[in-house]
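Fold and geometry: a report
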Amino acid sequence: MRIGILNSGGDCPGLNAVIHGVVGAAHTHGWEVVGFRDGFEGMLPPGDYMLLDPSRTVGITKLGGTILGTTNKGHFVAKIGEGNVSEVPHEIVEKAKATLRHLEIGALIVVGGDGSLTTALQLYNMGVPVIGVPKTIDNDIQATAMTFGFDSAVHAVVDALDRLHTTAESHKRAIVLEVMGRHAGWIALYGGMAGGADVILLPEIPFKMEHVADAIRQRDARGHHSTLVVVAEGARMETGELLKKETVGGKGEDRLGGIGDYVAKKIEDMTGKETRACTLGHLQRGGAPTALDRILGVRFGAMAVSLIEQGKFGRMVSYQQYQVGDVSIEEAVNQLRLVKSDSEIVNAGRSIGICFGDRPV
Ligand code: F6P
């Protein structure tokens, strides 16, 4: 048997651990592994791939990024969101199938986020024996309690906050740290709580600047002259005031000044407090994975091979209640897990005085 593997979408710490898990488990079965380069694009004829044997993957678990390369552009991007799912053109899928036939690949493992898994589902529905592995630093796929990469991203946020804390305190400033998270605020929430942020602003909890400014004034009155604010790139104000292109955090070329800069400016205007903004950006996606993400990646890879062995195609690896198992890809896609404003973790934050900007502290 020969297995194909590809990763697609943004890179993520732990991807190489998945590859290591797949290659190791496949080798135990006496199976070969072919790794496609640059996501689904590598399957286009004549095929851009490398043979992965254990000698090729030794020591890669500790590396960030992916040895296969990846892309979130190209011929296989299915448009999702707002209930709309557009398909990859069938002739493109047929070309990929021809490559798989040519290479005699009996199963394909797709490691990707929601969009890539949607493409994987289409391939499965068009006759490709597919196994999905969820990948997102945002940790927002409903069907799995955790994805590799998230813990590494949170560690990067905590490290940044630890550094910002000392300079903010020395200068009695407010410092706003903008982190990733367009739809879900898990990185901001976990990173902010672990890093001792005083204000955390999330896409799921629309905020008012008055509440943020009040929280900072109150801190000053109590003798705490520095404040750390964490804001997710997708955070929104209750008023919708941020829905102007030049002030909205967003992706790539659309981004002409993020929400972090906006919040910092407002804080300075409203409180008179000297304020600085800092955008963590891709520093939270690059670099070595944490031990947790390495282990999770290896387990996900091993489970993907086990699902192939059981013939459970059309399934996605999933982590639930401390166990790695599987769910159907169809049930997993287009289902985001979002922070709830009345959840235990948010209430824990509120109870220790963290301002979420939706009400007075
Ligand atoms: O979806 C993961 C993510 O890291 C988002 O949090 C962020 O908005 C986006 O990717 C950045 O993507 P790109 O690398 O294309 O700028």
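Residues numbered from 1 in each chain as written. Predicted model: local features only at pLDDT ≥ 70, side-chain atom pairs only at ≥ 80, totals over all residues.

By the naming in an unreviewed UniProt entry, the chain goes by ATP-dependent 6-phosphofructokinase and is assigned to Brevifollis gellanilyticus. The record in UniProt for the chain states the following under Sequence similarities (unreviewed entry): "Belongs to the phosphofructokinase type A (PFKA) family. Mixed-substrate PFK group III subfamily." (UniProt positions renumbered as here; feature names shortened; annotations may be inferred.)

Summing up its helical and strand segments, the chain has 11 helices and 11 strands in all. Taken over the C-alpha trace, the chain has a radius of gyration of 22 Å; the compact-globule value for 361 residues is 21 Å, and the two agree within 12%. C-alpha atoms of the chain, sized along the principal axes, occupy 70 × 35 × 30 Å. Looking at the chain as a whole, 50% of its 361 residues qualify as buried. (Helix = DSSP H or I, 4+ residues; strand = E, 2+ residues; numbered from the N terminus. Rg over C-alpha atoms; globule rule 2.2 N^0.38 Å. Buried ≥ 20, exposed ≤ 12 C-beta atoms within 10 Å, placed from the backbone.)

To continue, consider the sheet that holds strand β6 (residues 174-179). Judged by pairing direction, the sheet is parallel, and its four strands sit side by side in the order β7-β8-β6-β9 without closing on themselves. In the strand order of this sheet, the two ends are held by β7 (199-201) and β9 (275-279), each with one partner. When strand polarity is set aside, the average angle formed by the axes of neighbouring strands in this sheet is 15°. (Pairing = 2+ DSSP bridges. Axes fitted to C-alpha atoms, helices over the stretch in contact; angles between N-to-C directions.)

For the rest of this paragraph, the subject is the domain arrangement of the chain. Per the domain assignment, the segments making up the chain are domain 1 (2-148 + 289-331) and domain 2 (153-286 + 340-352). Taking the mean C-alpha position of each, domain 1 and domain 2 sit 33 Å from one another. The residue inventory of the side of domain 1 that touches domain 2, partitioned by class, reads two nonpolar, five polar and three charged. (Domains from an automatic or database assignment. Nonpolar A, V, L, I, M, F, W, Y, C, P; charged D, E, K, R; others polar.)

Counting residues in hydrophobic clusters, the biggest one holds 108 residues, and the most contacted among them are V22, L177, I187 and A304. Among the domains, domain 1 (2-148 + 289-331) and domain 2 (153-286 + 340-352) are the pair contributing at least three residues each to this core. Look past the residues within four positions of I187 in its chain and what remains in contact with it is I137, D138, A153, V154, V157, V179, M180, G181, A232 and Q284. (Core = buried A, V, L, I, M, F, W, Y, C linked by C-beta atoms within 7 Å. Contact = placed C-beta atoms within 7 Å.)

Here helix α1 (residues 15-28) crosses helix α9 (residues 291-309) at 40°, and the two axes come no closer than 7 Å. With respect to α9, the axis of α1 lies oblique. Crossing hand, α1 versus α9: right-handed. Across from L15, A17, V18, I19, H20, G21, V22, A25 and A26 in α1, the residues of α9 making contact are D293, R294, G297, V298, R299, F300, G301, A302, A304 and V305. Of the residues belonging to the contact of α1 with α9, the class tally is 12 nonpolar, four polar and three charged. (Parallel < 35°, antiparallel > 145°, perpendicular 65-115°, else oblique. Left-handed = near helix turned anticlockwise from the far one by under 90°.)

Where helix α7 (residues 209-221) meets helix α8 (residues 259-271), the axes come as close as 10 Å, and the angle between the chain directions of the two elements is 60°. As the angle between them shows, α7 and α8 are arranged oblique. In terms of crossing hand, the pair formed by α7 and α8 is right-handed. For the pair α7 and α8, the contacting residues are M209, V212, A213, I216 and R217 in the first and K266, I267, M270 and T271 in the second. Taken together, the residues of the contact of α7 with α8 sort by class into six nonpolar, one polar and two charged.

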